[in-house]
Amino acid sequence: MKIAPVKTPIVAKKMFPNYVWDVATNDKELYLTFDDGPTPKITDWTLNTLNDYNAKASFFCIGSNVEKYPDVFKNIIDNGHTVGNHTQHHVKGWTTKTKDYLKEVKTAQTSINAYKNSETQLLFRPPYGQIKPKQGKKLITLGYQIIMWDVLSFDWEKEISEEKCLENVMSKSKKGSIIVFHDSVKASRNLMYTLPKVLELFSNEGFVFKAL
């Protein structure tokens, strides 16, 4: 069951101002993000769906998945999307020693850099949103931007219906929102229902979808 709010509370953003929660803009822009890939078929479906609306997004990839599915990962890059680091094995920051956590990030970055043409920016999203303050400070020192979110779709939660997943995104997103989806098997049912509708409905309202 979900334990986090769909909309990130302002107090959380104020507690960790060095993390990126949303994008300050007066323009009709939204920032879709996809965690836990690359995943065969599902990531490719996601890319094709984004292309239908000329939408760009950001994919936070697990290093071990990059190694297993390099062609899918390269397809993300070839389609002009941003890629970020989601650790090598999707570890929980709160229960992982900082030294080991940093090693996870470094290993994942090596996997990512093996297929990226250039390292223009270092983006990191902590799995489960779990990251100790010390871990965050270390990563920022290493040049990472820590990307959190403004809206959670809860697409991975099997007890949430497709309609509720769509409502989560449509009712809570605003200009500059960073929205979390997952290009994973677990989330695929809700993702495949919700994403096309989000793209269509917001596009009809004049929004554009950008990568971080």
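Everything below is about the structure shown above.
The residue numbers shown here count from 1 along each chain, following its written sequence. In keeping with the model being predicted, local features are shown solely for residues with a pLDDT of at least 70 and side-chain atom pairs are shown and tallied solely at 80 or more, while totals for entire chains, interfaces and linings include all residues. In computing side-chain properties, one takes all heavy atoms of the structure into account and sets aside hydrogens as well as water.

Asker: So, the overall build of the protein chain: which residues are in play, and what are the values?
Answerer: Helix and strand counts for the protein chain come out as eight helices and eight strands. Throughout, the radius of gyration refers to the C-alpha atoms, and the reference size of a globule is 2.2 Å times the residue count to the power 0.38. Against the 2.2 N^0.38 benchmark of 17 Å for 212 residues, the protein chain shows a C-alpha radius of gyration of 16 Å, consistent with a compact globule. Viewed in the frame of its principal axes, the protein chain has a C-alpha envelope of about 45 × 40 × 35 Å. For the protein chain, with 212 residues in total, the buried portion stands at 52%. Counting only contacts in the protein chain whose residues sit at least 6 apart along the sequence, the fraction spanning at least 24 positions is 77%. Accessible area of the protein chain: about 10200 Å², with a carbon and sulfur share of 53%. Here a helix means four or more residues in a row that DSSP labels H or I, a strand means two or more in a row labelled E, and each is numbered from the N terminus. Per-residue accessibility, obtained with a 1.4 Å probe over protein chains only, is compared with the maximum for each type, and a residue is labelled buried under 20%, exposed over 50%, and partly exposed between these values. The contact rule is simple, with two residues in contact once any of their heavy atoms fall within 4.5 Å. A 1.4 Å probe and the Shrake-Rupley method give the accessible areas. Residues count as covered only by the protein chains that appear here.

Asker: Which residues make up empty space enclosed by the protein, and what values go with them?
Answerer: Put simply, the grid is 1 Å and covers the protein atoms alone, a cavity is a trapped set of points that fit a 1.4 Å probe, a pocket is an open set with protein on both sides within 12 Å along at least five of seven lines, and lining residues have an atom within 4 Å of a point. Grid points are joined across faces, edges and corners, and a volume is the space filled by probe spheres set on the points. Throughout the structure, instances matching the rule amount to one cavity of 30 Å³ or more. Looking at the largest cavity, its volume works out to about 30 Å³. As for the largest cavity, its lining consists of Val-83, Gly-84, Asn-85, Gln-109, Ile-112, Lys-116, Gln-121, Leu-122 and Leu-123. When contributions to the lining of the largest cavity are tallied by element, the ones reaching two or more residues are strand 3 (82–85), helix 5 (98–113) and strand 4 (122–124). Ranked by residue count, the leading element in the lining of the largest cavity is strand 3, at three residues.

Asker: Explain the layout of surface pockets residue by residue, including any values.
Answerer: Size it by volume and the largest pocket reaches roughly 950 Å³. What lines the largest pocket is a set of 34 residues, among which Ala-4, Tyr-128, Gly-129, Gln-130 and Trp-149 lie closest to the centre. Counted by class, the lining of the largest pocket contains 20 nonpolar, seven polar and seven charged residues. When residues are sorted by character, Ala, Val, Leu, Ile, Met, Phe, Trp, Tyr, Cys and Pro go into the nonpolar class, Asp, Glu, Lys and Arg into the charged class, and all the rest, Gly among them, into the polar class.

Asker: Which residues make up helix 8 (residues 188–204), and what values go with them?
Answerer: For an α-helix, 3.6 residues make a turn, and residues three or four places apart therefore share a direction. By definition here, a helix of n residues has an expected span of 1.5 Å times n minus one. With 17 residues, helix 8 should cover 24 Å at 1.5 Å per step; its first-to-last C-alpha distance of 24 Å lies within 8% of that length. Bend angle per residue: angle between axes fitted to the 7 residues ending at that residue and the 7 residues starting there. A maximum bend of about 25° is found in helix 8 at Thr-194, where proline Pro-196 lies one to four positions downstream. Buried within helix 8 are the following residues: Ser-188, Asn-190, Leu-191, Thr-194, Leu-195, Val-198, Leu-199 and Phe-202. Buried-residue contacts for helix 8 involve strand 1 (29–35), helix 2 (42–52), helix 7 (162–172), strand 7 (178–182) and strand 8 (208–209). Looking one or two residues beyond helix 8, the residue adopting positive phi is Gly-206, at roughly 90°.

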